[in-house]
Amino acid sequence: MTLLKVENLTKRFGGLVANDDVSMYVERGEIVGLIGPNGAGKSTFFSTVSGYYRPDGGKVYFDGEDITGLPTEKVCLRGMTRTFQIVKPFSDMTVLENVMVGAFARSARVSEVRDRALEVLEFVGLADRRDFPAAGLTIANKKRLELARALATEPKLLMLDEVMAGLTPRETQEAVELIHRIHERGITLFIVEHVMEVIMPISDRVYVLDGGRKIAEGPPQEIAENEEVIKAYLGERYHAARG
Ligand SMILES: Nc1ncnc2c1ncn2[C@@H]1O[C@H](COP(=O)(O)OP(=O)(O)OP(=O)(O)O)[C@@H](O)[C@H]1O
Ligand SMILES: [Mg+2]
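The following refers to the structure shown.

### Observations concerning the overall build of the protein chain
Then, number 1: Assigned secondary structure in the protein chain consists of nine helices and ten strands.
Then, number 2: Against the globule reference of 18 Å for 243 residues, the protein chain gives a C-alpha radius of gyration of 18 Å, in line with a compact fold.
Then, number 3: Overall size of the protein chain, expressed as C-alpha extent along the three principal axes, is 55 × 40 × 35 Å.
Then, number 4: Counting only residues that meet the buried cut, the protein chain has 42% of its 243 residues in that class.
Then, number 5: The contacts of the protein chain with a sequence gap of at least 6 include a subset with a gap of at least 24, amounting to 63%.

Quick look at the structure:
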């Protein structure tokens, strides 16, 4: 069953068309990758789909309902949450308080919210940092915190924007394992990522944006062999699936 359906989405910044007539869908239970060169419009697409920006054209359907133009907090309540490429925790709040902010989306009872936040911190492996100020975390842990805050809103669809950027190979491996565990919880995933060795193996399907336009979609194996994608983006950077 289709969880997210985006039809002909267009988003402009002045004269720049950041998303040009883009259509994509995500089935419930899938892991879908979104790739493309810098400035292709990937983050803008996530922002427009999740209600952070209003689209200039097109439709967004989530869980069978038209949510086009709905503000981001309402979209979140319906079960769609995204993380940001640039992590922005509330720096002077503790790790636990940051996650509680996410959990307040589902409950107004502080004790319930706290329990939920603690459970999520345990799940992402940040429980021992719960009373530290978020500002003091390493990059890898800030990324975990961003994930925890998103998970605390109890999403059906979680959209991850470069959660692995800037991580060491070992931290990347841990992040991949965490993503698998999130998926095992029944959460559908839509992932923007530049690390091909990560995104290609975990995705059921992959979309490619270039200059705001969708230039390809399909299983990772097919995408890795697509001439237009290789020319626009992959170049020599990814051989694993091409052999
Ligand atoms: N708020 C904004 N105002 C004006 N232009 C913007 C804004 N956000 C993005 N853009 C422009 O829109 C285009 C798409 O940017 P976007 O951040 O969506 O690309 P991206 O695919 O996420 O790139 P990257 O891989 O570098 O994160 C770029 O040309 C960018 O400069
Ligand atoms: Mg981006």
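### Focus on the site of ligand 1
Then, number 1: Taken together, Phe13, Leu16, Ala18, Gly36, Asn38, Gly39, Ala40, Gly41, Lys42, Ser43, Thr44 and Gln85 make up the full set of residues adjacent to ligand 1.
Then, number 2: Within the residue set of the shell around ligand 1, elements represented by two or more residues are strand 2 (16-27) and helix 1 (42-49).
Then, number 3: Looking at which element gives the most residues to the shell around ligand 1, the answer is helix 1, with three residues.
Then, number 4: Taken together, the residues that form the shell around ligand 1 break down as four nonpolar, seven polar and one charged.

### What about the nonpolar core?
Then, number 1: Counting 65 residues, the largest nonpolar core has Val99, Ala117, Leu121, Ala148 and Leu189 as its most contacted members.
Then, number 2: Those residues in contact with leucine 121 that sit more than four places away from it in its chain are Val95, Leu96, Val99, Leu126, Ala127, Arg130 and Ala148.

### Examining the environment of valine 32
Then, number 1: Following the sequence through the fold, valine 32 ends up in strand 3 (residues 31-35).
Then, number 2: By C-beta crowding, valine 32 is classed as buried, having 22 other C-beta atoms within 10 Å.
Then, number 3: Along the sequence, valine 32 and phenylalanine 190 sit 158 residues apart, while their C-alpha atoms lie 4.8 Å from each other.
Then, number 4: Contact partners of valine 32, with chain neighbours within four places excluded, come to Val26, Phe190, Ser203, Asp204, Arg205 and Tyr207.

The rules behind the values
Residues numbered from 1 in each chain as written. Chains lettered and ligands numbered in written order. Predicted model: local features only at pLDDT ≥ 70, side-chain atom pairs only at ≥ 80, totals over all residues. Helix = DSSP H or I, 4+ residues; strand = E, 2+ residues; numbered from the N terminus. Rg over C-alpha atoms; globule rule 2.2 N^0.38 Å. Buried ≥ 20, exposed ≤ 12 C-beta atoms within 10 Å, placed from the backbone. Contact = placed C-beta atoms within 7 Å. Near = placed C-beta within 6 Å. Nonpolar A, V, L, I, M, F, W, Y, C, P; charged D, E, K, R; others polar. Core = buried A, V, L, I, M, F, W, Y, C linked by C-beta atoms within 7 Å.

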